[in-house]
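Structural overview
Listed below, chain by chain, are the residues.
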Amino acid sequence: MEESPEELQEGHLVSLNSPPNRFGRPKNDGEVSPNLFVANCGPAVGLSHDDIASVFCKFGELNGVYGADESGTRVIVSYSDLGSAQAAMMALHGQPCSELGGRSLYIRYSVLQPNPQDQVKDLVPISMTASDLNIPGIYLVHDFVSAKEEEDLLQAVDSRPWNCLAKRRVQHYGYEFCYDIRNVNTKRCLGELPSFLSPTLERISSCPAFKNADSIVLDQLTVNEYPPGVGLSPHIDTHSAFEDLIFSLSLAGPCIMEFRRYEDGAQLPRVASSTVTKVESPEDGSNFIRKAIYLPPRSLLLISGEARYAWHHYIPHHKIDKVNGRVIRRASRRVSFTLRKVRTGLCKCEYPQYCDSRK
């Protein structure tokens, strides 16, 4: 049974070589595209994709022919250029095709619509340096480790066991970070930090860009592995758990880190004892200052002072980031080394509204 033009439906590009992407009708009448949605042909009616390609390739170079959905009677024909698609549309739409069993083909233009998880938002300018970000206590050093050192660090952690969380893998050294209480158990030391980290620790202590780094002995390391699309929810690291300086070394892949400072004291999120401060306000940006910075691979970020105690930081859950007009797809993995000093006394910071030690 042949389908009429009114029966053309939206579809998904199905290919053995690529993940599904949604195709749909153009938003504007008269909009054209190098992709054609072709109904009344396909494997379910005895026409292979190769059969269909042999007809449509006469009009220009094809990217491919793909199943538009699971019916087996509708396909997407994708051309490398618009002119070829227009020529095929003019020649074949509504006409019996002798090379395809005499079937009449019903064709319309189709537009690729990215999956929601791949759509890029550019709601805040992305700073490339700490000075551009202009948050007190933020420092960023590019290429803090070399490509060879990056490779060695990744090999070192990959040779050790990972702990699997819901969406990422982690390793803990020195002290384990307990996610149920969002704190560390200071009575249970896991030992000294691993020897493969020694060159990095020495470089941190001697780096002139980091104030007071030479006077602190970092004793806790959390290694996080993030697959594409996985980030971190907005939070402030628990005041009572760690001292002032928090370092984050990015390896293998880049990301955007965003920071939020709430403007209205009445809108500040509540702080639960021994927990990371969580955002409880709507995600409309109406009650907080929002800034963001790009963290390239091999860079080292220091969060201290005001940035550490009063600004929420988080990593958006994106597969694609938009950096000042440039689209950057996240790598197959990003590994971060977060280095901290476990606090042994009460926090005496200047931000009691965020501090669990004052509650």
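This structure is a prediction, so every number in the text was calculated from the model and none was measured.

1. A look at helix H2 (residues 82-92)
Within H2 the residues assigned to the buried category are Ser84, Ala85, Ala88, Met89 and Leu92. Down the axis of H2, the sector holding all buried residues measures 135°, keeping them to one side. Two to three positions downstream of the cap, the backbone nitrogen of Gly83 sits 3.2 Å from a side-chain oxygen, assigning the N-cap of H2 to Asp81. Looking at the residues trailing H2, positive phi occurs at Gly94, about 75°.

2. A short note on the side chain of Arg343
With respect to the secondary-structure elements, Arg343 resides in the segment after strand E25 (334-340). Side-chain polar atoms of Arg343 contact the backbone oxygen of Phe242, separated by 2.9 Å. At 3.4 Å, the side chain of Arg343 and the side chain of Glu243 are in polar contact. Discounting residues that sit within four places of it in the chain, Arg343 has contacts with Thr186, His239, Ser240, Ala241, Phe242, Glu243, Asp244 and Tyr309.

3. Remarks on the environment of Ile181
As for its placement among the helices and strands, Ile181 is situated in the loop between strand E13 (175-178) and strand E14 (183-189). The class for Ile181 is partly exposed, based on a relative accessible area of 39%. Separated by 57 residues in the primary sequence, Ile181 and Thr238 place their C-alpha atoms 10.0 Å from one another.

4. Some words on the pattern of salt bridges
Pairing of side chains with opposite charge becomes possible as their charged atoms draw close. Under the criterion given, the structure shown has 15 salt bridges. Between Arg203 and Glu149 there is a salt bridge; the shortest N-O distance is 2.7 Å. In this pair, Arg203 sits in helix H5 (residues 198-206) while Glu149 sits in helix H4 (residues 147-158), placing the two residues 54 residues apart along the sequence. In this structure Glu149 comes out as partly exposed when scored by relative accessible area, which is 25%. Its salt-bridge partner being Glu225, residue Arg333 comes within 2.8 Å of it at the nearest N-O pair. Of the two residues, Arg333 sits in the loop between strand E24 (326-329) and E25 while Glu225 sits in strand E15 (residues 220-226), which places them 108 residues apart along the sequence. Accessibility expressed as a relative area gives 12% for Glu225, which makes it buried.

5. Comments concerning the packing of aromatic side chains
The final tally for this structure, using the stated rule, is seven aromatic pairs. Judged by centre distance (6.1 Å) and plane angle (20°), the ring pair of Phe177 and Phe242 falls under stacked. Placement of the pair is Phe177 in strand E13 and Phe242 in the loop between strand E16 (232-236) and strand E17 (246-251), with a sequence separation of 65 residues. Residues Phe177 and Phe242 agree in their burial class; the two are buried. Lying across the ring of Phe37, Arg108 places its NZ or CZ 4.3 Å from the centre.

6. Focus on the confidence of the model for the protein chain
Put simply, the protein chain has an average pLDDT of 82, and 82% of its residues get 70 or more. Counted against residues more than four places away or in other chains, residues 1-20, with its pLDDT under 50, gives 49 contacts. Across residues 264-286, where pLDDT falls below 50, the model places 53 contacts with residues more than four positions away in sequence or in other chains.

How each quantity is defined
Residues numbered from 1 in each chain as written. Predicted model: local features only at pLDDT ≥ 70, side-chain atom pairs only at ≥ 80, totals over all residues. Heavy atoms only, no water. Buried < 20%, exposed > 50% of the residue type's maximum accessible area, 1.4 Å probe, protein only. Helix = DSSP H or I, 4+ residues; strand = E, 2+ residues; numbered from the N terminus. Arc of directions from axis to C-beta. Polar contact = N/O pair within 3.5 Å; in protein donor to acceptor, adjacent residues only side chain to side chain. Contact = heavy atoms within 4.5 Å. Salt bridge = Lys/Arg side-chain N within 4 Å of Asp/Glu carboxyl O. Phe/Tyr/Trp six-rings, centres within 6.5 Å; stacked < 30°, edge-to-face > 60°. Lys NZ or Arg CZ within 6 Å of the ring centre and 35° of its normal. pLDDT = per-residue confidence, 0-100.

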